[in-house]
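Observations on chain architecture
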Amino acid sequence: MAKQQNIDTDITRARYEYRVWGQHREARKMLDRLGSNRSDERIEDCYLLVDDSTWNAKVRDNRLKVKQLVAEDKGFERWTADRPRSADAAPSPFDELFDRLRLDRPQRGKAYDLYEAVSELGSDSGTRAVFVVKHRRRYTIGRLRAEVTDVEIVETSEVLRTLAIEGDDLTELVALRKKLGLRYEPNVAVHEAIGPTLDD
């Protein structure tokens, strides 16, 4: 049987996402006015960059999360997501990465060091690992969610600022994007934005 290449065929479960990069001070101020249920968090992620940008994969708290781009509409992207608990449950090429990174060990209560596991990935893996630290503020705006996040690239100490909105209602999202003054800004996912920061 051929290895699965899709993580979820039900597009109705995929949320719309829109992410921009830069300061966008006026948009941030408006989020502070419009948003409720604010929360701040610090997150450590390891992104696994592959050649196909329709895949977005990261390891957080020693758990693999894989997202797949399944549609685009009015500038918004729709991603499905899964957290496979075994190599067999992960789509290619992340099944091999699951094994090579030995991500089954923390699930079995075994000692595990992600930095050490990543250091053993060879050039033949076709994967580049990028460790980041995120300082994120989340907002709720009606039925929508928003965030402002500083993303620090661990290897270079470069800090990128991003603002994102997401939800299930495209009409409401389009209206919010316009209100924030972001209508003509490019929508760039995290894994696509951090890759060039390490290029020569």
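Structure: see above.
Figured I'd write up the structure that's included with this text. Predicted model, so just to flag it, every value in this text is computed and none were measured.

Observations regarding the layout of surface pockets
- Approximately 610 Å³ is the volume found for the largest pocket.
- What lines the largest pocket is a set of 29 residues, among which E17, K65, K67, R145 and E166 lie closest to the centre.
- Sorting the residues of the lining of the largest pocket by element identifies β1 (15-21), β3 (55-60), β4 (63-73), β5 (76-82), β6 (128-141), β7 (144-153) and β8 (159-167) as the ones contributing at least two each.
- Here the lining of the largest pocket is composed, by residue class, of nine nonpolar, three polar and 17 charged.

With respect to the environment of L69
- With respect to the helices and strands, L69 occurs in strand β4.
- When the C-alpha positions of L69 and N56 are compared, they lie 8.1 Å apart, and in sequence the two are 13 residues distant.
- Apart from the residues lying within four places of it in its own chain, the contact partners of L69 are T54, E77, R78 and W79.

A short note on the pairing of β5
- With five of its seven residues buried, β5 lies for the most part within the structure.
- In this structure, β1 lies alongside β5, joined through three bridges in antiparallel fashion. Residue pairing in the sheet places R15 in a bridge with W79 of β5.
- Pairing of β4 with β5, which is carried by seven bridges, proceeds in the antiparallel orientation. If you follow Q68 over to β5, its bridge partner there is T80.
- Where β4 folds back onto β5 in an antiparallel hairpin, the turn is made up of two residues, including K74, whose phi is positive at roughly 55°.

A short note on the side chain of K134
- Mapping K134 onto the fold places it in strand β6.
- A polar atom in the side chain of K134 sits 2.8 Å from the side chain of D45.
- If near-sequence neighbours (up to four positions away) are discounted, K134 is found in contact with E41, R42, I43, D45, Y47, K58, R60, T149, D150 and V151.

Considering the nonpolar core
- With 22 residues, the main nonpolar core has C46, L48, L64, F94 and L101 as its most contacted residues.
- Looking at this core, the elements with two or more residues in it are β2 (36-49), β3, β4, α2 (94-100), α4 (114-119) and β6.
- In contact with L101, not counting residues within four places along its chain, are L48, Y112, A117, V118 and L121.
- The next biggest cluster of nonpolar side chains, apart from the first, holds 19 residues, and it includes Y18, F76, I165 and L182.

Observations concerning the pairing of β7
- Of all 10 residues in β7, seven are buried; the element is thus mostly enclosed.
- Pairing of β6 with β7, which is carried by 10 bridges, proceeds in the antiparallel orientation. Note on β7: the bridge partner recorded for V132 is I153.
- If you look at the hairpin formed by β6 and β7, you'll find two residues sitting between the two strands, and G142 has a positive phi there, around 60°.
- Across eight bridges, β7 lies against β8 in antiparallel orientation. By the bridge assignment, A146 is partnered in β8 with I165.
- A loop of five residues connects β7 with β8, the two strands running antiparallel in sequence, and S157 in this loop sits at a positive phi of about 70°.

Conventions and cut-offs
- Chains are numbered independently. Their residues run from 1 in the order of the written sequence.
- The model is predicted, so local features are restricted to residues of pLDDT at least 70 and side-chain atom pairs to those at 80 or more, both for listing and for counting; the totals for chains, interfaces and linings are taken over all residues.
- As a convention, hydrogens and water are excluded, and side-chain values are obtained from all of the structure's heavy atoms.
- Put plainly, a pocket is an open set of points on a 1 Å grid over the protein atoms alone with protein on both sides within 12 Å along at least five of seven lines, a cavity is a set where a 1.4 Å probe fits but cannot get out, and a lining residue has an atom within 4 Å of a point.
- Grid points are joined across faces, edges and corners, and a volume is the space filled by probe spheres set on the points.
- Strands are runs of DSSP state E lasting at least two residues, helices are runs of H or I lasting at least four, and both sets are numbered from the N terminus onward.
- The nonpolar class holds Ala, Val, Leu, Ile, Met, Phe, Trp, Tyr, Cys and Pro. Asp, Glu, Lys and Arg form the charged class, and all remaining residues, Gly among them, are polar.
- A contact between two residues is defined here by any heavy atoms of the two lying within 4.5 Å.
- Each residue gets one of three labels from its accessible area relative to the maximum for its type: buried under 20%, exposed over 50%, partly exposed in between, using a 1.4 Å probe on protein chains only.
- DSSP-based pairing: two strands are paired if at least 2 bridges between them are found.
- We define a polar contact as two N or O atoms separated by no more than 3.5 Å, with the added condition that, inside protein, one atom must be a possible hydrogen donor and the other a possible acceptor, whereas residues neighbouring each other in sequence contribute only through side-chain atom pairs.
- Grouping buried Ala, Val, Leu, Ile, Met, Phe, Trp, Tyr and Cys residues that are joined through side-chain atoms within 4.5 Å yields what is termed a nonpolar core.

All quantities given are derived from atomic positions and should not be read as evidence of function.
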